[in-house]
Each structure stands twice: as structure tokens, then as C-alpha cells.
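# An overview of the molecular structure
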Amino acid sequence: MTNSGGSKKNLLYRNDGGQNFTVITDMGAVVTDANVSRSVNWVDFDLDGDLDLYVSNESNQKDDLYENQNGSLVKVETGAPGQTNHSTMSSSWADVDNDGDLDLFLANSLYFGVQNNQLFLQEDGVFTAVTTGDLVTDGGCSYSSNFADYDNDGDLDLAVSNGFCNGSIKNFLYQNDGLGNFTRDLNSIEDLSTPCSYGLAWGDVNNDGFLDLAIATCKSAAASPLPNNLFYQNSGNANNWLKIKLVGETSNRSAIGAKLWVTATIGGQVVTQLREISAQSGHCGQNTLTAHFGLGDAVKVEEVRVKFLGGQDTTYTNIYAGQCLAITENQVATNVEVVENQPIGVAVVPNPASDSFFITIKSPQPMQSLSNQLC
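Rules of the game
- Residue positions are given per chain, counting from 1 as you read along its sequence in written order.
- Note on the predicted model: pLDDT of at least 70 is required for a residue's local features to be given, and 80 or more for side-chain atom pairs to be given and counted; whole-chain, interface and lining totals, by contrast, use all residues.
- Excluding hydrogens and water, the side-chain values take into account all heavy atoms of the structure.
- Within a predicted model, pLDDT stands for the predictor's per-residue confidence, ranging from 0 to 100.
- Throughout, a residue-residue contact means that at least one pair of heavy atoms, one from each residue, lies within 4.5 Å.
- Points on a 1 Å grid, built from protein atoms alone, make a cavity when a 1.4 Å probe fits but cannot get out and make a pocket when they are open with protein on both sides within 12 Å along at least 5 of 7 lines; residues with an atom within 4 Å of a point are the lining residues.
- Grid points are joined across faces, edges and corners, and a volume is the space filled by probe spheres set on the points.
- Comment: elements are numbered from the N terminus, with helices defined as DSSP H or I runs of at least four residues and strands as E runs of at least two.
- Each residue is assigned to one class: nonpolar for Ala, Val, Leu, Ile, Met, Phe, Trp, Tyr, Cys and Pro, charged for Asp, Glu, Lys and Arg, and polar for all the others, Gly among them.
- Two strands pair if DSSP finds at least two bridges between them.
- Between N-to-C directions, angles cover 0 to 180 degrees, with each direction set by a line fitted to C-alpha atoms, over the stretch in contact for helices.
- What counts as a salt bridge is simple: a side-chain nitrogen of Lys or Arg found within 4 Å of a carboxyl oxygen of Asp or Glu.
- Whether a residue is buried, partly exposed or exposed follows from its accessible area with a 1.4 Å probe, protein chains only, as a fraction of its type maximum: under 20%, in between, or over 50%, in that order.

To continue, consider the confidence of the model for the chain. With 89% of its residues at a pLDDT of at least 70, the chain reaches an overall mean of 91. Note that residues 335-342 has pLDDT below 50 and, in this model, 18 contacts with residues that lie over four places away or in other chains.

Turning our eyes to something else, we now look at empty space enclosed by the protein. Evaluation of the coordinates by the stated rule reveals one cavity of 30 Å³ or more. The computed volume of the largest cavity comes to approximately 460 Å³. Taken together, 27 residues line the largest cavity, and the ones lying closest to its centre are Phe 147, Arg 275, Glu 276, Ser 281 and Asn 287. Those elements giving two or more residues to the lining of the largest cavity turn out to be strand S3 (37-43), strand S7 (88-94), strand S11 (142-148), strand S20 (269-276) and strand S21 (291-296). Classifying every residue of the lining of the largest cavity by side-chain character gives 14 nonpolar, 10 polar and three charged.

Two elements, strand S1 (residues 12-15) and strand S2 (residues 21-24), share four bridges in a ladder whose sense is antiparallel. If you follow Asn 15 over to S2, its bridge partner there is Phe 21. The antiparallel pairing of S1 with S2 creates a hairpin that spans five residues between the two strands, and Gly 17 there sits at a positive phi of about 110°.

Ordered in space as S20-S19-S22-S23, the four strands form an open sheet in which the pairing is antiparallel. Strands with a single pairing partner mark the edges of an open sheet, and in this sheet they are S20 and strand S23 (313-320). On average, each strand axis in the sheet is tilted by 20° relative to the strand beside it, whichever way the strands run.

Within the secondary structure, Ala 216 sits in strand S16 (residues 212-217). Distance from Ala 216 to Asn 228, taken between C-alpha atoms, is 8.2 Å for residues 12 residues apart in sequence. Contacts of Ala 216, omitting those with residues within four sequence positions, involve Cys 196, Ser 197, Tyr 198, Gly 199 and Asn 229.

What follows deals with the layout of surface pockets. It is the rolling of a water-molecule-sized probe over the atoms that shows where space remains empty. By volume, the largest pocket is sized at about 540 Å³. If you go around the largest pocket, you meet 16 residues; those closest to its centre are Tyr 13, Arg 14, Asn 15, Trp 42 and Leu 51. Elements that contribute at least two residues to the lining of the largest pocket include exactly S1 and S2. No other element matches the four residues that S1 contributes to the lining of the largest pocket. Here the lining of the largest pocket is built from residues that sort into 10 nonpolar, five polar and one charged.

A full pass over the atoms with the stated rule returns nine salt bridges. With a shortest N-O distance of 3.2 Å, Asp 33 and Lys 75 are connected by a salt bridge. Taken as a pair, Asp 33 in the loop between helix H1 (29-32) and S3 and Lys 75 in strand S6 (residues 72-75) lie far apart in primary sequence, 42 residues in all. The exposure class assigned to Lys 75 is partly exposed, which follows from its relative accessible area of 25%. In this structure, Asp 204 engages Lys 243 in a salt bridge whose closest nitrogen and oxygen atoms are separated by 2.9 Å. Placement of Asp 204 in the loop between strand S15 (197-203) and S16 and of Lys 243 in strand S18 (residues 240-247) is noted, with a sequence separation of 39 residues between them. There is no split in this pair, since Asp 204 and Lys 243 are both buried.

As C-alpha cells, this is what we get:
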């Protein structure tokens, strides 16, 4: 729990396995650092199977990265991103260049003053600051951020909210070229003007396979009228997609901390995308917990690999695009065979369905019964 007033020390609570939490006071810097903290992410930045902690500090300070070492959070003193003095309001982690490492975006804002945002690309534990391009030169009074592949082309794009700024305020939408180079998208949403914006989040609210965007607005001054929130429904395109809903058993019900890798051939190139299920993906905003993968022109996925936090590592192969899979921790993996130009019989039970259903497919070639879930 981050604090920006009083002693300014952040608070760490350990769940004792039920409804009881214990305040941790003897873990060093993570509970004694006293910066003006705004945003916080649990993220396995080093991909070693446990959750680390990133804290964004907003009063022209350095940010704090704490590495999980056998259940103790140890401050990373060298090589951490966000070590220049900025007023960071939001931090968002994602693999923006599809190289298998989690990269970091920082949304910065001086109160009623412009400050450039930051992007750090990670490669094998080394963070490199991006210094050119729209994403890090557009300025803005940025308060929240969230990654999402809104055009389903196989790479993660970015939305950034702006508020508490002088003059006309516009939110930012950035399109990724697949290599982690972001260009301001001025066409996908006709008007990104805002009276003042705060948190934002992505989710496929109408289950059409394309992510929609919600933005919470705010009052830039006490005398300002209370503005309506903003919602943008994605009309989609011809690109394919896959959604995966994880259900934890041994780890946690929402599968927080689980990672997914999806490999498909997109535009003639083999691309592996990484997602981590996160409890918070930006300040005052949490994306849908259903992992969403854009697939471009790929009609199937060669491999889906799922690793639940601290536990099961399972691989599935030959998955059709255009569906939402429900994968439960500790279930036995089965391969799904692709059958083309074959007569098949399909049974759906129950019918009609509301929350979940089972599909049984009968064909001349052996196939598996798939458990799917409406999401």
C-alpha cells in the first residue's frame, strides 16, 4: 500500500492464508523508504517465478524496484529503471518488442506542468532507456497507462491518460510497430480530448475479440463541473485473436502472477507473445484478467504455454484463433488437432448456456472434448 502523506512509509501486508493479514515491519527498505509514492505493480520482472515489486514516486524522485529473494523484498540498487528524478504517476509492464522480457513504461506529470514520459526496454535483465520517438517526447501531464493490442496485429499498443494540466488536454493513443517503437495514433479514435483524465483500462466488453477502452475523468479544478467518464468501443478489423481465461486452484483463484506465452506465425514470421496476469496494470486502472492476444493473419496458434505462479507449467498445441479458452490450474493438458475439410459433428451441453458449456467434436480423426467458458 503506497502512501504520499504522513510518514510516507509504504505498508506491506502478508496474507496468513485466509482473511487475516500481518503488517510486515522488518523487511528493510521496502517498508522504511519514505518517498511520495503513487503507483505500485507486482511483477516478475526477472522471470524467476516469483513476484517482485515496483513503486512509482511522484515528487520529482527516483522510483524503487524491489526484487523478491525467497520471500524477502530486497531493493535493487544498481541497474534498476526509473533512476532519474521524475514525477511518476503510473507504471505499466509488458513485453513490447516480443523478445521474452518485460519492459517498463512510466507516465510522468508535474502538477499542472508537462513532463516527458519514459520507456525502458529490458534485455536479459538490462534496462535501456528509449530517448527518441513520440512516446518519450510528447510531454503531457500523464496519470495512468495500460498496454493492449487494440488492433490485434500481434504486438502491444499503449493508452495514456492526461489530466491536471493547463490549456487543452488530450489523452494519448500509441501504436506499436512490433519492435517497441511507438507512434502517436491520431486516427483510431476521432477525438481524444478530455476535461481531465485519470485511470484507464482495456477490456473486451462485448466479446467480439477486440479490446475496448474506458477512461475515468476528473475535475481539474474544484469549481469545474463533474465530467462524464469516457468509453470507446472498438469496431475491429480483419485480424484474428485468441483470449485465455485462467482459473487458479493451488496458486490463487484469479491466477494473479501467472504467465502465458502464445506462439503463432504472423505475416510469415514466428512470433511469441508474453502476458502476465496482473492485479494492477496502471495507476487507478486494471485491465481485464482475461489474457488477450492479437494474431494478425494467423488462423491458428502453434503453441500456448501457461505457467501458474509457483506451480504448474503446461503446454497446449494447435489451437484455433477466434475463441476464448478457459484453462484451470492442475488440469491435464491435451493437444487439439486441426482437422480441415472433414465432416464433423458438434454437440454443446447445456444448450442454451449462460456461464459455461462443453463442446464435443466428433470427426473421422480423433479429437479432444474441449472445456470452454463464456468470457
